[in-house]
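Secondary and tertiary structure notes
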Amino acid sequence: MSELPAAQQQALAHWASDAITAGWLPETTLDNLQDAVVAAPSHLFKTESRPLVVGLFGGTGVGKSTLLNRFAGEAIARASAERPTSRDITVYVHRSISVDNLPDNFPMHKMRTSLHGNEHYKHVMFIDMPDFDSVESANRDLVDAWLPHLDVVVYVVSPDRYRDDQGWRLLLTHATQHAWLFVMNHWDRGEAQQLEDFRSQLAGAGLADPMVFHTDSSAQPLAGADQFDALQQVIQDTADHSVIKKLADIGVVARLKSLKVLSEPWLSNLGAEDTFASLDSSWSSHWQKHSHTIEDSMAFKFSQFAEQFAEPKGSWLKRFRSDNATATKKTSADTLIDSAVLSQLDNGLADFINQQSQSLSLPVAAIKQAVGEPYARARRDVGSTVSSHVEKSLALPGNALQRGLHKTLGVLSVLLPLAAMGWIAYRVVFAFAEGGSNPAAYLGSNFAVNGGLLLALSWLLPTFLSSKTRPSQVRAAQRGLTLGLQAALKNIEDTTSSAFSALSSDSKERRSSYNLLWQTLATTDAENLPEPVKRMLASEVSGVSHRELDVRANTHTSTDSAPES
Ligand SMILES: Nc1nc2c(ncn2[C@@H]2O[C@H](COP(=O)(O)OP(=O)(O)OP(=O)(O)O)[C@@H](O)[C@H]2O)c(=O)[nH]1
Ligand SMILES: [Mg+2]
């Protein structure tokens, strides 16, 4: 069970780095996660049967080392008027116990161990720590390294130093991760009012009925002003195997809860569940509006280009059908869709992303990553889409009726003169045959004139009408350009819209994989603890049993003992 927080921290780190890569979370996310407390008292020992780890914690000069000496009954830690006095960790532990693993990066020369044979403290390991409010940062680092390894924190204050800001902040941050005992030392200078004031202050940290002892550790203690024996008794009573195990479980749940509290806000970066439904429709209406603006701004340019394409020499159609058609087509497309048009397209997308990331609280980086590649692909196709529409339009100019009429008249401009010629030839041959017996049958000059006129008319009329009904190449090119641009813009709309759908699924998958990390329940409660121990717990911890904290117990608890329910 004690390995759960570290495993969960690792799983969360994995989840978070994936989300960082996809742009959902800022780079700094992992730093906060690494700062979370996952170490536990049991990590100090190899064996499961271990002592209760009790640490003396407090500002400089409050009497921590003096109190340890009182527990030990001898001067094992240096206590003096020098500030700060302790620069090392002093461990006071029964000789049957071995501390197998020191906290990570803990310097050995910073620890002094005092072994004893006192049977009263066979199951307690005392740790005297340097002050937390030291001018020496190394002292503070030692406190930080050891604090997670304490089952019970004995928070020592003095009557004039119990309202310390730094201590208060540390207490609030770590309240749920330990059991707490409070000692107002220097009680020879204290007053009942100060004790009451300290108690009510502790209620604000979730300790409604804290165990606060007042001790007078001076050379000549005042009679009745010292509760050291009571403090000693509570510690001895707490050093019971089942209580130690329960406290450890509570500590694990508290650490997991801290990880959950720390990581849950990450989900807000994935956007609310209904965010993506509106994203898709907003995109369509935004892009359609933007498309109209682009089409309007391109209309004049298209009319100019259309004339170029329709020029008889080297027209679009002819150039496209020629051997070097590919090169010609590319150049034309690039000329049409120049960098100004492309950046107009880009601006449309960028505006939308900025608007939406603000109104829907989605990270810009995540949206850009999701739509960037598909959009770029569709953007690359704009030139070729326009080109192919122009090509198609020029191949089939005008409408079907126009083209049919033009074609028919073209055919007639050949057929009618042929028919006229046939008829004239027939009349000439017939008149020539008749002329042998009847000279009047010969055709006169009138026939020659009329025949010529007929021939001319039969050619001229359909040819003239055919040329008049020829569908306009300019209009065809212009239509191709317009339709091509519309198709390309629609393609961008659809492709980007699919990317938004993919973004939505990605968000959903990440959310559910996060929830999966916390799926299986691991709970513990403070119900079976002795009453004094319950008073050492901050309310958040004792409330965990009712709150049900989910943890990925399946994957991590196989070798651990199951938590008590
Ligand atoms: N009058 C009085 N003096 C005390 C009491 N407890 C400790 N002292 C004295 O206060 C001074 C500081 O005590 P330490 O035990 O060194 O204090 P500390 O909390 O360990 O201080 P650091 O190691 O600097 O963090 C010593 O000179 C002690 O003799 C007390 O209850 N009453
Ligand atoms: Mg000290």
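Small disclaimer: the values here were computed from a predicted structure and weren't measured.

On a plain count of helices and strands, the protein comes out with 21 helices and seven strands. Taking all contacts inside the protein whose residues are at least 6 apart in sequence as the whole, residues at least 24 apart take part in 81%.

Turn by turn, an α-helix covers 3.6 residues, leaving residues three or four places apart pointing in a common direction. Its 14 residues give helix α14 (residues 382-395) an end-to-end C-alpha distance of 20 Å, which sits within 8% of 20 Å, the value for a rise of 1.5 Å per residue. With ten of its 14 residues buried, α14 lies for the most part within the structure. Inspection of α14 places Val382, Gly383, Thr385, Val386, Ser387, His389, Val390, Glu391, Ser393 and Leu394 among the buried residues, and these make up the whole buried set.

A few words now on the site of ligand 1. Close to ligand 1 lie 23 residues, the nearest being Gly63, Ser65, Ala79, Pro84 and Ser86. Of the residues belonging to the shell around ligand 1, the class tally is five nonpolar, 13 polar and five charged.

Where helix α1 (residues 4-21) meets helix α17 (residues 473-517), the closest approach of the two axes is 10 Å, and the angle between their N-to-C directions is 170°. As judged from the angle between their axes, α1 and α17 are roughly antiparallel. Contacts between α1 and α17 involve Ala11, Leu12, Trp15 and Ala19 from the former and Arg510, Ser513, Tyr514 and Leu517 from the latter.

We now examine helix α3 (residues 64-72). Of all the nine residues making up α3, seven are buried; the element is thus mostly covered by neighbouring parts of the structure. For α3, every residue scored as buried is listed here: Lys64, Ser65, Thr66, Leu67, Leu68, Asn69 and Phe71. Residues of α3 that are buried make contact with β1 (52-58), β2 (89-94), β4 (124-128), β5 (152-157), β6 (179-184) and α7 (228-238). Where α3 ends, the next residue or the one after it, Gly73, has phi of about 75°, a positive value.

Before going further, it helps to spend a moment on the sheet that holds β5. If you walk across this open sheet you meet the seven strands as β3-β2-β4-β1-β5-β6-β7, and the pairing is mixed. Across the chains shown, the open sheet's two edge strands, defined by having one partner strand only, are β3 (111-116) and β7 (212-214). Direction aside, neighbouring strands of the sheet carry axes that sit 20° apart on average. Note that β1 and β4 share five bridges and pair parallel.

Turning our eyes to something else, we now look at the pairing of β4. Burial runs high along β4: five of the five residues are buried. Neither face of β4 is exposed, since Val124, Phe126 and Asp128 on one face and Met125 and Ile127 on the opposite face are all buried. Strand direction decides the pairing type here: β2 and β4, joined by four bridges, are antiparallel. Bridge pairing links Val91 to Ile127 in β4.

Before going further, it helps to spend a moment on the nonpolar core. The biggest cluster of nonpolar side chains holds 80 residues, and the ones touching the most others in it are Val54, Ile127, Val154 and Leu181. Element by element, the count of residues in this core is highest for helix α8 (residues 241-263), at ten residues. One finds Ala19, Trp287, Leu349 and Ile492 within the second-largest nonpolar core, a separate group that totals 37 residues.

This part covers the pairing of β6. In terms of residue burial, β6 counts as a mostly covered element, since six of its six residues are buried. Burial along β6 is two-sided: the residues Ala179, Leu181 and Val183 and Trp180, Phe182 and Met184 are all buried. Relative to β6, β5 is paired through six bridges, and the arrangement is parallel. Within β6, the residue paired with Tyr155 across the bridge is Phe182.

Rules and cut-offs
Residues numbered from 1 in each chain as written. Chains lettered and ligands numbered in written order. Predicted model: local features only at pLDDT ≥ 70, side-chain atom pairs only at ≥ 80, totals over all residues. Helix = DSSP H or I, 4+ residues; strand = E, 2+ residues; numbered from the N terminus. Contact = placed C-beta atoms within 7 Å. Expected span 1.5 Å × (residues − 1). Buried ≥ 20, exposed ≤ 12 C-beta atoms within 10 Å, placed from the backbone. Near = placed C-beta within 6 Å. Nonpolar A, V, L, I, M, F, W, Y, C, P; charged D, E, K, R; others polar. Axes fitted to C-alpha atoms, helices over the stretch in contact; angles between N-to-C directions. Parallel < 35°, antiparallel > 145°, perpendicular 65-115°, else oblique. Pairing = 2+ DSSP bridges. Core = buried A, V, L, I, M, F, W, Y, C linked by C-beta atoms within 7 Å.

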